[in-house]
There are 2 protein chains.
Amino acid sequence: MSLVRWVQEFLANWPAQEDGRHRPGAADTVVVAVSGGPDSLALLHVLARQGIHPADKLVVAHLDHGLRPSATAEATFVAKTAAAWGVACVVEREDVVALARDQGLSLEEAGRQARYAFLARVAAQRGAAAVATGHHADDQAETVLMHFLRGSSLAGLRGMLPVGPLPGAPHLTLFRPFLEAPREEILAYCQEHDLAPVEDASNMDTTFFRNRLRHELLPALAGYNPQIRERLQHLAAVAAGDVELLEALLRQAWTKVLREEGADWLRLDRARWLALPLALRRSTLRHAVWRLRPALRDVGFVTVEQARQMAETGQVGGQSTLPAGLALVVGYDDLTLSAMAGAAPLPDLPQLPDEKPQPLAVPGRVALVGGWQLAATFLERVELAEIQANQDPWIAFVDVPDPAGLVIRPRRPGERFRPLGMGGQSARVVEVMINRKIRAGLRPLWPVVANDQHLIWLVGHHIDERGRVTEGSRQVVKLHVERVT
Amino acid sequence: MSLVRWVQEFLANWPAQEDGRHRPGAADTVVVAVSGGPDSLALLHVLARQGIHPADKLVVAHLDHGLRPSATAEATFVAKTAAAWGVACVVEREDVVALARDQGLSLEEAGRQARYAFLARVAAQRGAAAVATGHHADDQAETVLMHFLRGSSLAGLRGMLPVGPLPGAPHLTLFRPFLEAPREEILAYCQEHDLAPVEDASNMDTTFFRNRLRHELLPALAGYNPQIRERLQHLAAVAAGDVELLEALLRQAWTKVLREEGADWLRLDRARWLALPLALRRSTLRHAVWRLRPALRDVGFVTVEQARQMAETGQVGGQSTLPAGLALVVGYDDLTLSAMAGAAPLPDLPQLPDEKPQPLAVPGRVALVGGWQLAATFLERVELAEIQANQDPWIAFVDVPDPAGLVIRPRRPGERFRPLGMGGQSARVVEVMINRKIRAGLRPLWPVVANDQHLIWLVGHHIDERGRVTEGSRQVVKLHVERVT
């Protein structure tokens, strides 16, 4: 198939986009990213000189990365070529080395960000809604292989999308008309049309890693499957379809599980989240991180799995660390993702209104912050088996010979108790709180129930051995913390 | 983590199975596949000697593949070890070379099938519902890599499932307690417990290809990602979750699109199929092939894409070849998958009841087979633009000066006509039928409309130039083939 046909087919089969990105028509301005290398030069030639798009509706964008002495000559070559073909051209220079240093990025990543930002600027200046790049099928195979080696989800196996959002400027459309065309076709086209491309200096993607993939790993893999490039391209196509479907499901699930969202935090409904299938429990957590940190390019598998584990089985108040300073905290019936330090609201957990102890009558109720209450009632019949079977951390049954002296209050400095089930050993309350992963910010007003001698219940976690209900217990009090509103 | 802990964790986290495969309890008999190599020997030791499962509820199954002289000694070793540990043991011998030859299989595939069939037999004889194998995390990494190199869908990237159906006997459960344990752990365990495994002669998976993966490719990939084995294991875990969800969607979609199913054919509702997202259009076609040919292990990407293309955009009667002697045929409003030759019913397309020409009155109707009818009416007003805009292949507008002589009949031997749009050239009807991919079995009774001089309409495909409606047409007949019931 000739290169022109590849582009025609690409445009004819312009992939249906859920977000309705339309195929640029003859009246639309299109920015073409041209480094001056064979891929982008051939793309510009096909578009402008083969009647695919009106030349006066194209704008060449060339970014000089300031990395090599030859870069200025390349910029001049691109500008001249564009002029000869009747295409407008914008050349800019960016000190990518300085950018990488200032932003703490790799050269590769800094170059990538600079290029996309430049393309978005040119598109905005020229009123273009779409940007075309010369990525081809061999680039695609390498990209899929790279994600296979280093990625952490199936999404990467799609490689580059034929049509999608421009990174950093999602309202603009990035499209890659050569994405299914082999590199050979492009080189043949250049030869046939006497194009004299320069070496692709600004193509920062052609780094050491990618070069090794191309020149060492792909030939080695061909020893296991001679069609390895096709296999990678097919995998990209399969993954693109599957991931599109999974993302549609994610969007549905997200509206179900998202309860509240703030500037730097969000809260999910835990019960609804738990009811999701495994794949969506994972992808909603990934998505939550991405909503809070859109610039983050990937979240590692282990990180997601740890957060999922915590969200599924963790104690209330438990916390799991996420990338970019975020954490997930397990709430009573929700999951909060927020910056670990900062103005994010605390998760919705029982908190005392202040440090003052409050008497707890039995039967009786004490109001806590935000609609939470503690209710105390006498148990009429003591069924030991039932009491031992209690799994609800917000309910405690305690043996209280003298209920008159009960209070609810915060822990006292240095206070100790004997958590039931720890062999009668005494432990500092604060250490138990830390072990149980109650967040630091929640500890000072975390409620405990006590009598005048000792702690009886560290709410949500342990009762004291001295409050344990036995066969000889005469008077059992049921303590129940619940959110009433 | 010790090997015993890996197994305990595996059993504690027994993956929730949609099909409800339960974890074998102490009262259940479990078959353990033991080659005598380190993996399976350690598995037997952990299960029988570490209190994981009662030894008298285990059955060792050892298949001698008859490939090497040492095989008998290995069988004896396994039988002796089982006896020493108080575990029943079944040894069988199978001539895998002969099996491969007789069935036209590779040695690897023949060995695999023989092993699973043997395990199913032993399980049935001993009343066991579950079979355990010693596959470990390094096997898993290699399996994922193998599918990455050669597979054709995401499903292969799951590698082996921790718990799943035994191939060929899906009512039996195959589980792999070591699947997340690294091989190192197993070797260390063997040393620690003075186990003296034999070389794994019956492990046919350890073929040349797999050995090259293990000893050459994986070390090479570690140069690109030192954590390549973990990466592959994580990919398997991610893919397992995603594929589980996609398969649930496939099951839903399948009940929507399946219209009828016979012994060796099935028919899908085309409109409903077309309304599915891309990923499900692909997976339903894959699934359809699998339902007709359950033994087929994979359907290539290109095959699926060609069938999908035909099903999406193909002419009625068009056919696409599928593996194992199957084909997909596009019907009027359905898609039929069936054996190309054989007793499969023909797709539901218009067919004459017999070869006898029938007069066609205007206005009038002629009944075809299976609820199809041809209706002929005069057009009251001739709107040329409307006629030219007609896209429905089952409607034709023809200029018929003398409607009295119209008939509907099969093509005649050697008959020719002048298909409209082919530059006035005459063509053999049968060749046009072949070009339009009308299946051979449908051609003899495919209806054509004709007058006493020439063919007027090859139903569903072309009208004759001589019936073309022009601005000068005085009398236009609308011919409409439709399925009425």
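Rules behind the numbers
- Residues numbered from 1 in each chain as written.
- Chains lettered and ligands numbered in written order.
- Predicted model: local features only at pLDDT ≥ 70, side-chain atom pairs only at ≥ 80, totals over all residues.
- Heavy atoms only, no water.
- Domains from an automatic or database assignment.
- Contact = heavy atoms within 4.5 Å.
- Buried area = accessible area lost by both parts, 1.4 Å probe.
- Salt bridge = Lys/Arg side-chain N within 4 Å of Asp/Glu carboxyl O.
- Polar contact = N/O pair within 3.5 Å; in protein donor to acceptor, adjacent residues only side chain to side chain.
- Nonpolar A, V, L, I, M, F, W, Y, C, P; charged D, E, K, R; others polar.
- Helix = DSSP H or I, 4+ residues; strand = E, 2+ residues; numbered from the N terminus.
- Axes fitted to C-alpha atoms, helices over the stretch in contact; angles between N-to-C directions.
- Parallel < 35°, antiparallel > 145°, perpendicular 65-115°, else oblique.
- Buried < 20%, exposed > 50% of the residue type's maximum accessible area, 1.4 Å probe, protein only.

K.L.:
Would you mind going over the domain arrangement of chain A with me for this structure?
P.N.:
Many authors give the size of an interface as the accessible area that is lost as the parts come together. Residue and element names in this part refer to chain A. Assigned domains of chain A: these are domain 1 (3-222), domain 2 (257-339) and domain 3 (358-483). Centre-to-centre, using C-alpha coordinates, domain 2 lies 29 Å away from domain 3. On the side of domain 3, nine residues touch domain 2, which itself brings twelve residues to the contact. Roughly 990 Å² of surface becomes buried between domain 2 and domain 3 when both sides are summed, with 54% attributable to carbon and sulfur atoms. Three residues, Gln 315, Val 316 and Tyr 332, lead the burial of domain 2 against domain 3; their summed loss comes to 53% of the area buried on that side. Along the contact surface separating domain 2 from domain 3 lie zero salt bridges. The interface formed by domain 2 and domain 3 contains one residue pair in polar contact (both at pLDDT 80 or more). Its residues assigned to classes, the side of domain 2 that touches domain 3 comprises five nonpolar, five polar and two charged.

K.L.:
Would you explain the interface of chain B and chain A in this entry?
P.N.:
With 39 residues of chain B in contact, the opposing surface of chain A contributes 39 residues. A combined buried area of about 3600 Å² lies between chain B and chain A, and 72% of that area is made up of carbon and sulfur atoms. Joining chain B to chain A, the criterion identifies zero salt bridges. If you look at where chain B meets chain A, you find eleven residue pairs in polar contact (both at pLDDT 80 or more). For the side of chain B that touches chain A, the secondary-structure elements that each account for two or more residues are helix H6 (137-150), helix H8 (208-222), helix H9 (228-257), helix H11 (278-292) and helix H12 (301-313) of chain B. The element contributing the most residues to the side of chain B that touches chain A is H9(B), with 13 residues.

K.L.:
Would you take a moment to explain the packing of helix H1 (residues 3-12) of chain B against helix H2 (residues 38-49) of chain B for this structure?
P.N.:
Between two packed helices, what matters for the description is the angle formed by their axes and the separation of those axes. Residue and element names in this part refer to chain B. Packing of H1 against H2 brings their axes to within 10 Å, and their N-to-C directions diverge by 70 degrees. Relative to H2, H1 is oriented roughly perpendicular. For the pair H1 and H2, contact is made by Leu 3, Val 4 and Val 7 and by Ala 42, Val 46 and Leu 47, respectively. Tallied by class, residues from the contact of H1 with H2 come to six nonpolar, no polar and no charged.

K.L.:
Is there a simple way to think about the pattern of salt bridges in this case?
P.N.:
Where charged atoms from two side chains of opposite charge approach closely, those side chains can pair. With the rule as written, the count across this model stands at 50 salt bridges over all chains. With a shortest N-O distance of 3.1 Å, Arg5(A) and Glu9(A) are connected by a salt bridge. Of this pair, Arg5(A) and Glu9(A) both sit in helix H1 (residues 3-12), four residues apart, which is roughly one turn of the helix. Relative accessible area serves as the criterion here: at 40%, Arg5(A) is assigned to the partly exposed category. Classification of Glu9(A) as partly exposed rests on a relative accessible area of 32%. For the salt bridge of Asp334(B) with Arg259(B), the shortest nitrogen-to-oxygen distance reads 3.8 Å. Here Asp334(B), found in strand S11 (residues 334-339), pairs with Arg259(B), found in strand S7 (residues 258-261); they are 75 residues apart in sequence, far enough to count as distant. Residue class for Asp334(B) comes out buried when judged on its relative accessible area of 0%.

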